[in-house]
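Listed here are the chains, written in short residue letters.
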Amino acid sequence: MWWVVWLLAALVVLFCTLDVWYFLRAGAVILRAWFQPPVWDITGEQVITGRVTPHDIDMCHMNNARYLRECDFARFSLYMRNGVFKAVWALGGNMVVAATTIRYRRALCIGEAYDLCSRIVTWDDKAFFLEQRFVSTKDRLVCAVMYCKQSVIRCSPDKILQHLCKRKVERPEFPEELQHWVNFISASSQTLRAESCLEEKNK
């Protein structure tokens, strides 16, 4: 019987110190994507269906942070199906989220079903830029739209795509609204770098 007590104690410690459900969900998403048909078009859209559960809500609508969490899982699935994850691992690289912005247009309420549509819009020398849309299945309204800058470490988007496609892939043009966001990120970085230099000089 002692092993049952130790097991329960270990589970309590685990759930108190780690976001266990996040890691379980991430593993399930990646495993499911592994067995799904691949997405051959690198800029092709992938759609994942979802529904707002009681675990997702505050004040009877989807919590703001939950949108970003669902986008994480959708990107995991997209990168598994289009081969980006496999290429990154093969090339010894890594990817991290460098910036996100999300616009909420209408609340998703408890029990409401939605499609989460994810796609790589374009890329530069250091990062992929993605668009992810939450579309209500009730009336096809885009309830929220997010842009994500996914930086590539120890590699580059061009090398990843050459590894996947065995040829150089032309970059799509930046849409106007995405270019405005990229300009904002660049301006913000310049401001923060300038502030950091100023603080170092004042020390």
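Data block above holds the structure.
A brief look at the structure comes next.

What counts, and where the lines are drawn
Chains are numbered independently. Their residues run from 1 in the order of the written sequence. Only residues with pLDDT of 70 or above have their local features reported here, since the model is predicted, and side-chain atom pairs are shown and tallied only from 80 upward, although totals for entire chains, interfaces and linings are computed over all residues. Side-chain figures throughout are based on the complete set of non-hydrogen atoms in the structure, without hydrogens or water. Counted as salt bridges are all cases of a side-chain nitrogen of Lys or Arg within 4 Å of a carboxyl oxygen of Asp or Glu. Secondary structure follows DSSP: runs of H or I at least 4 residues long count as helices, runs of E at least 2 residues long count as strands, and numbering of each begins at the N terminus. Only protein chains enter the area calculation, which uses a 1.4 Å probe; residues under 20% of their type maximum are buried, those over 50% are exposed, and those in between are partly exposed. Strand pairing follows a simple DSSP-based rule, namely that at least 2 bridges must link the two strands. Axis lines are fitted through C-alpha atoms, for helices just across the contact stretch, and the angle between N-to-C directions can take any value from 0 to 180 degrees. In what follows, residue pairs with any heavy atoms lying within 4.5 Å of each other are defined as contacts. The set of buried Ala, Val, Leu, Ile, Met, Phe, Trp, Tyr and Cys residues whose side-chain atoms join them within 4.5 Å is what this entry labels a nonpolar core.

### Some details on the pattern of salt bridges
Two side chains of opposite charge can pair, provided their charged atoms sit close to one another.
So, step 1. Under the definition given, this model contains eleven salt bridges.
So, step 2. Note that E131 and R119 form a salt bridge whose closest N and O atoms lie 3.3 Å from each other. Taken as a pair, E131 in strand β6 (residues 127–136) and R119 in strand β5 (residues 113–123) lie far apart in primary sequence, twelve residues in all.
So, step 3. Overall, E131 belongs to the buried group, its relative accessible area being 6%.
So, step 4. For R133, the salt bridge goes to E131, with nearest N and O atoms at 3.2 Å.
So, step 5. What makes R133 partly exposed here is its relative accessible area of 34%.
So, step 6. Several salt bridges share partner residues, and in doing so they unite R106, E112 and D139 into one network.

### Some details on the sheet that holds strand β7 (residues 142–153)
So, step 1. Spatial ordering of the open sheet is given by β1-β5-β6-β7-β4, a layout of five strands whose pairing is antiparallel. Strands at the two margins of the open sheet, each flanked by one partner only, are β1 (46–51) and β4 (94–104). Across the sheet, the mean angle separating the axes of adjacent strands is 25° when strand polarity is ignored.
So, step 2. Bridge count for β4 against β7 is ten bridges, and the pairing is antiparallel. Looking across to β7, one finds that T100 is bridged to C148.
So, step 3. Helix-sheet contacts for helix α5 (residues 157–165) involve β5, β6 and β7, and the interaxial angle to β6 is about 75°.

### Overview of unusual backbone geometry
So, step 1. Phi is positive for C60, close to 70°, though the residue is something other than glycine.
So, step 2. As for its position among the elements, C60 is in the loop between β2 (57–58) and β3 (61–62).
So, step 3. In this structure C60 comes out as exposed when scored by relative accessible area, which is 53%.
So, step 4. Not every positive phi belongs to a glycine, and R140 is a case in point at roughly 65°.
So, step 5. With respect to the element layout, R140 can be found in the loop between β6 and β7.

### Quick look at the nonpolar core
So, step 1. Core analysis: the largest hydrophobic core is formed by 37 residues, its most contacted members being V84, M95, L108, I120, F128, F134 and I160.
So, step 2. Looking at this core, the elements with two or more residues in it are α2 (20–35), α3 (64–81), α4 (84–90), β5, β6, β7 and α5.
So, step 3. The element that contributes the greatest number of residues to this core is α3, accounting for eight residues.
So, step 4. Discounting residues that sit within four places of it in the chain, V84 has contacts with I42, Y79, M95, I120, F128, I160 and L164.
So, step 5. Membership of the second largest hydrophobic core comes to nine residues, among which are A127, F129, W181 and V182.

No statement about biological role is implied by the geometric values presented.
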